[in-house]
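The primary structure of each chain is shown beneath.
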Amino acid sequence: MSSDGKPPGSDADRQRTADRAAAALWRGDAASKMLGMTVESCAPGRATLSMRIRRDMVNGHGICHGGLIFSLADSAFAFACNSRGDNTVAAGASIDFLSPAREGDVLRAIAAERWRAGRAGIYEIEVKNQRDEIVALFHGRSRQIAGRLIDD
């Protein structure tokens with residue numbers, strides 16, 4: 001770490017790493033693609049993904065299935081915690097559903113790193129609809145595993 005608490009390298013170098021890590025993660029992410037997610041942005045410790053709620057995502061109550069909202073938040077979490085190029089996985093996660101999402105809504109999951117030390121991290125993800133209303137709050141705990149997502 002440098003004196004300002006950032007890893008070595010310039011902001012531009014860290015952003016290039018985040019871009020390369022996002023591209024590498026996206027190449028293999030069949031689940032997020034199948035659900036129609038889009039990576040809107042990725043930066044060191046941050047990511048934003050979006051997803052339009054389709055008819056096949058609605059449950060018997062006429063609202064988006066909670067597992068699909070969780071999946072969107074989990075994908076944003078994955079892109080944020082892998083943004084430094086290290087192989088990182090979820091060690092735990094929880095979600096609070098605050099308001100329903102409906103067919104046609106466009107949900108955006110905004111992930112932000114809140115703490116990172118050694119091989120562990122804590123991330124918070126807000127899921128909002130197109131009216132900027134909070135649909136869900138997701139809390140994720142990450143663990144870095146062996147290897148790199150990208151080559152240096």
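Here the structure is shown first, and the text comes after it.
None of the values given here were measured: they were computed from a predicted structure. (Residues numbered from 1 in each chain as written. Predicted model: local features only at pLDDT ≥ 70, side-chain atom pairs only at ≥ 80, totals over all residues. Heavy atoms only, no water.)

Draft legend 1. Broad picture of the pattern of salt bridges. Enumeration over the complete set of coordinates arrives at 12 salt bridges. Its salt-bridge partner being Asp11, residue Arg14 comes within 2.4 Å of it at the nearest N-O pair. In this pair, Arg14 and Asp11 both sit in helix α1 (residues 11-27), three residues apart, roughly one turn of the helix. Salt-bridge contacts for Glu113 lead to Arg84; the nearest nitrogen and oxygen are separated by 2.8 Å. Here the residue Glu113 occupies a position in strand β4 (residues 106-117), and Arg84 occupies one in the loop between α3 (66-81) and β3 (86-97), the gap between them amounting to 29 residues. A cluster of three or more residues bridged by salt bridges with shared partners is formed by Asp105, Arg131 and Glu133. (Salt bridge = Lys/Arg side-chain N within 4 Å of Asp/Glu carboxyl O. Helix = DSSP H or I, 4+ residues; strand = E, 2+ residues; numbered from the N terminus.)

Draft legend 2. Structural detail: empty space enclosed by the protein. Counting across every chain of the model gives one cavity of 30 Å³ or more. Every residue along the wall of the largest cavity is listed here: Cys81, Arg84, Asp86, Thr88, Arg116, Gly118, Arg119, Ala120, Gly121, Tyr123, Ser142 and Gln144. Where the lining of the largest cavity is concerned, the elements lending two or more residues are β3, β5 (120-128) and β6 (134-148). Per element, the largest residue contribution to the lining of the largest cavity is three residues, and it comes from β5. Among the residues making up the lining of the largest cavity, the classes are represented as three nonpolar, five polar and four charged. (1 Å grid on protein atoms, 1.4 Å probe; cavity = no way out; pocket = protein on both sides within 12 Å on 5 of 7 lines; lining within 4 Å. Points joined across faces, edges and corners; volume = space filled by probe spheres on them. Nonpolar A, V, L, I, M, F, W, Y, C, P; charged D, E, K, R; others polar.)

Draft legend 3. The arrangement of the environment of Leu149 in detail. With respect to the element layout, Leu149 can be found in the segment after β6. Considered as a pair, Leu149 and Val39 are 110 residues apart in the sequence and their alpha carbons are 17 Å apart. In this view, Leu149 contacts Ala21, Ala24, Leu25, Asn82, Gly85, Asp86 and Asn87; residues no more than four positions away in its chain are not counted. (Contact = heavy atoms within 4.5 Å.)

Draft legend 4. Layout of the nonpolar core. Counting residues in hydrophobic clusters, the biggest one holds 33 residues, and the most contacted among them are Ile53, Ile69, Leu72, Leu107, Ile125 and Val127. Among the secondary structure elements, those contributing two or more residues to this core are α1, β2 (46-52), α3, β4, β5 and β6. Considering every element that reaches this core, the biggest residue donor is α3, with nine residues. When near neighbours in sequence (up to four residues on either side) are disregarded, Val127 contacts Ile69, Leu72, Ala73, Leu107, Arg108, Ala109, Glu133, Ile134, Val135 and Ala136. (Core = buried A, V, L, I, M, F, W, Y, C linked by side-chain atoms within 4.5 Å. Buried < 20%, exposed > 50% of the residue type's maximum accessible area, 1.4 Å probe, protein only.)

Draft legend 5. Structural context of the state of the cysteines. The tally for this structure, following the rule as stated, stands at zero disulfides. Cys81 carries a free sulfur, and the closest cysteine sulfur to it, the one in Cys42, is 9.8 Å from it. For Cys81, a relative accessible area of 7% corresponds to the buried category. (Disulfide = S-S within 2.5 Å.)

Draft legend 6. Inspection of the packing of aromatic side chains at higher detail. Tallied over the full model, the rule gives four aromatic pairs. Here Phe77 and Phe138 contribute two aromatic rings whose centre-to-centre distance is 5.8 Å and whose plane-to-plane angle is 55 degrees, an arrangement assigned as tilted. Of this pair, Phe77 sits in helix α3 while Phe138 sits in strand β6, placing them 61 residues apart in sequence. Note on accessibility: Phe77 and Phe138 belong to one class, buried. (Phe/Tyr/Trp six-rings, centres within 6.5 Å; stacked < 30°, edge-to-face > 60°.)

By themselves, these observations are geometric and do not establish any function.
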